[in-house]
Amino acid sequence: MKLGKLIWYLQRYSAIYFLLFLGYLVLIVLTDRFSFQFLTGSLTFKLLSSFFIILACMHAFAGLWTIGTDYLTKRTLGFVAPVLSTYANLLRKIFEFFFIFLGLFLVIYYLLIIWS
Amino acid sequence: MIDVNIYRYNPETDKFPYTQTYTLKKPEKDIMLLELLNILKEQDSSISYRRSCREGVCGSDGMNINGKNGLACITPISQAIKNNKIELRPLPGLPVIRDLVVDMTEFYAQYDKIKPFLQNETEPPAQERLQSPAERDKLDGLYECILCACCSTSCPSFWWNPDKFVGPAALLQAYRFIADSRDTKTAERLEGLSDPFSVYRCHGIMNCVNVCPKDLNPNHAIGEIKSMLLSDKKKENIIVSDGVS
């Protein structure tokens, strides 16, 4: 699958999943099952929420990558200050790596909490 | 009296661009903005702008009129004037050569990228490649583009990535050939637009539709291209929609 198509589908299908997961959470609350014991004990919740956190990070990164390639470029940073334009590619890489590491940290941290 | 504020910049003499205000008597007739510029040019011959056909066909005099892109030759001053002021700036996002004249190299490079000509590898017929009236109808709302660049230069995605995002004008033309029953290179054309930037950077904010002086709908054409890229929609299934026809 082409990258453009892959990103497009990733963002749309993940957004649908978020809505469904939100519905699932509302259902848990409405049926009075919302407790830490339930959240850490239910295999269904563990699986669905793990999938949610992974998709959320991928969805967010796709959006942030778009923002980075729009606003952290030689052209756009050059409007702010010419000196920033020189470091545009470096700044964008730092921006992208920061959110990659933040996403990975959140995913791993969440999986450790929910599965250990 | 009306004030006409014009963006001025001559790279040979000016370090920075500035706005020059010209005050003149409001014309009795509701003349077009281009005529107003011609009157001003008689006062100050250093004002630079492009113009040619003076009837909205050549697309030369695209400029930013009170914050909205348009053609000076078909914009009456009654429509442009706000609080007895008219603000004229060059098309946004493109490098300024001088005053209201912009360098359109990036715009034409994107137009060139979509191969804006009919491609058909089959043996040419004796006279011409024929189309049915229904096939011809699919091109309405697409072929009329005059490449004035009003749409592309009102698009933030084109401002940020003019070298990667094809832009509404060129995408409208890309779809014009994709939708053409005589063109046989649909797959190749779509392949050339399948990266994350060329088409997918359009977020559908519809500035292009809002400013098009020919009342065309590039956003609809882009939507059709996206639809074809995302699905297995075949060329023969292209229908004429209200948005384009």
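### Details of the interface of chain A and chain B
Listed by partner, the interface residues are 16 residues for chain A and 18 residues for chain B. Surface buried jointly by chain A and chain B totals about 1400 Å² across both partners, of which 55% is contributed by carbon and sulfur atoms. Where chain A touches chain B, the interface holds 3 salt bridges. In this assembly, chain A and chain B are joined by 10 residue pairs in polar contact (both at pLDDT 80 or more). Within the residue set of the side of chain A that touches chain B, elements represented by two or more residues are α1 (3-30), α3 (43-71) and α4 (74-80) of chain A. Per-element accounting of the side of chain A that touches chain B gives the leading share, 6 residues, to α1 of chain A. When grouped by side-chain class, the residues that make up the side of chain A that touches chain B number 7 nonpolar, 5 polar and 4 charged.

### A closer look at the pattern of salt bridges
Residue and element names in this part refer to chain B. In the structure shown here, the tally under the stated rule is 13 salt bridges over all chains. The partner of R182 in a salt bridge is D180, with the nearest N and O atoms 2.8 Å apart. Each of R8, D44 and D99 takes part in a single network of salt bridges with overlapping partners.

### Thoughts on the domain arrangement of chain B
All names here are of chain B. Partitioning chain B into structural domains gives domain 1 (2-102) and domain 2 (105-237). Each of domain 1 and domain 2 was reduced to a C-alpha centroid, and the two centroids are 30 Å apart. On the side of domain 2, 14 residues touch domain 1, which itself brings 15 residues to the contact. Carbon and sulfur atoms supply 64% of the area that domain 1 and domain 2 bury against each other, a total of about 1100 Å² over both sides. Per-residue buried area on domain 1 facing domain 2 is highest for K68, N69 and L94; these three make up 38% of the total on that side. Our count for the contact surface shared by domain 1 and domain 2 stands at 4 residue pairs in polar contact (both at pLDDT 80 or more). If you tally residues by element for the side of domain 1 that touches domain 2, the top one is strand β4 (residues 68-71), at 4 residues. Its residues assigned to classes, the side of domain 1 that touches domain 2 comprises 8 nonpolar, 6 polar and 1 charged.

The rules behind these values
Residues numbered from 1 in each chain as written. Chains lettered and ligands numbered in written order. Predicted model: local features only at pLDDT ≥ 70, side-chain atom pairs only at ≥ 80, totals over all residues. Heavy atoms only, no water. Contact = heavy atoms within 4.5 Å. Buried area = accessible area lost by both parts, 1.4 Å probe. Salt bridge = Lys/Arg side-chain N within 4 Å of Asp/Glu carboxyl O. Polar contact = N/O pair within 3.5 Å; in protein donor to acceptor, adjacent residues only side chain to side chain. Helix = DSSP H or I, 4+ residues; strand = E, 2+ residues; numbered from the N terminus. Nonpolar A, V, L, I, M, F, W, Y, C, P; charged D, E, K, R; others polar. Domains from an automatic or database assignment.

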